[in-house]
Amino acid sequence: MFKKIDHIGVAVKDLDEAVRLYRDVFGLKLLEIEEVESQKVKVAKFDIGGVHIELLQPTADDSPIKKFIDKKGEGLHHIAYEVDDIEEQLSQLKQKGVKLINERPTEGSSNTLIAFLHPKSSIILTELVFKGEK
Ligand code: ZN
């Protein structure tokens with residue numbers, strides 16, 4: 001079951017500039033800035049009422065976020081939903097004909113399991129997040 005929106009990912013070219021907008025102009029609470037080497041991105045995480053906004057800046061030319069910006073420009077990149085049982089959810093979605101990018105969950109940040117659904121069958125790139133109590 002999809003429980004709630006966990007976070008919204010936004011692709012940006014200049015993280016410092018985007019952080020100034022979200023933190024100083026919009027007044028959102030900046031939680032942390034971290035570099036995720038496996039995804040070749042630098043991420044600034046904000047909290048707004050329990051939902052996170054993640055600003056994603058590419059750190060390499062072959063970063064998926066760089067490719068996205070080159071093709072579509074800055075903006076909404078993905079929506080992530082928290083789910084109860086990620087393995088079960090993936091198999092149900094697959095049965096219903098949804099194309100998956102990750103057939104199996106992979107490790108996300110802060111001890112979570114994540115998996116992406118293909119944007120061709122989810123309109124917007126969609127991420128599932130499982131926060132098990134491990
Ligand atoms: Zn995400």
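Summary of the structure given here.

Calculation notes
Residues numbered from 1 in each chain as written. Predicted model: local features only at pLDDT ≥ 70, side-chain atom pairs only at ≥ 80, totals over all residues. Heavy atoms only, no water. Donors = N, O, S within 2.8 Å, 3.2 Å for Na, K, Ca; no water. Buried < 20%, exposed > 50% of the residue type's maximum accessible area, 1.4 Å probe, protein only. Pairing = 2+ DSSP bridges. Helix = DSSP H or I, 4+ residues; strand = E, 2+ residues; numbered from the N terminus. Contact = heavy atoms within 4.5 Å. Axes fitted to C-alpha atoms, helices over the stretch in contact; angles between N-to-C directions. Salt bridge = Lys/Arg side-chain N within 4 Å of Asp/Glu carboxyl O.

**Describing the coordination of the zinc ion**
Put simply, a metal with four donors set out as a tetrahedron has ideal angles of 109.5 degrees, and one with six donors set out as an octahedron has ideal angles of 90 or 180 degrees.
Here comes step 1: Coordination of the zinc ion by the protein is provided by H7 (NE2), H78 (NE2) and E127 (OE), with metal-donor distances spanning 2.0 to 2.1 Å.
Here comes step 2: According to the relative accessible area criterion, H7 is buried, its value standing at 4%.
Here comes step 3: Residue classification places H78 among the buried residues on the basis of a relative accessible area of 4%.

**Looking at the sheet that holds strand 5 (residues 75-83)**
Here comes step 1: Pairing within the open sheet is mixed, and its eight strands lie in the order 2-3-4-1-5-8-7-6. Where the open sheet ends on each side, the last strands, each with one partner, are strand 2 (29-36) and strand 6 (106-107).
Here comes step 2: Strands strand 2, strand 3 (41-48) and strand 4 (51-58) of the sheet are contacted by helix 1 (residues 15-25), whose axis makes an angle of about 0 degrees with strand 3.

**Quick word on the pattern of salt bridges**
Here comes step 1: Under the defined criterion, the tally for this structure stands at ten salt bridges.
Here comes step 2: K3 serves as the salt-bridge partner of D84, at 3.7 Å between the closest nitrogen and oxygen. Pair noted here: D84 is in the loop between strand 5 and helix 3 (86-95) and K3 is in strand 1 (residues 2-11), with a separation of 81 residues, a long-range link.
Here comes step 3: The salt bridge partner of E34 is K45, with a shortest N-O separation of 3.2 Å. Placement of the pair is E34 in strand 2 and K45 in strand 3, with a sequence separation of eleven residues.
Here comes step 4: Here E34 falls in the partly exposed class, since its relative accessible area comes to 24%.
Here comes step 5: Given a relative accessible area of 6%, K45 falls into the buried group.
Here comes step 6: A network of salt bridges, in which partner residues are shared, links K3, E82 and D84.

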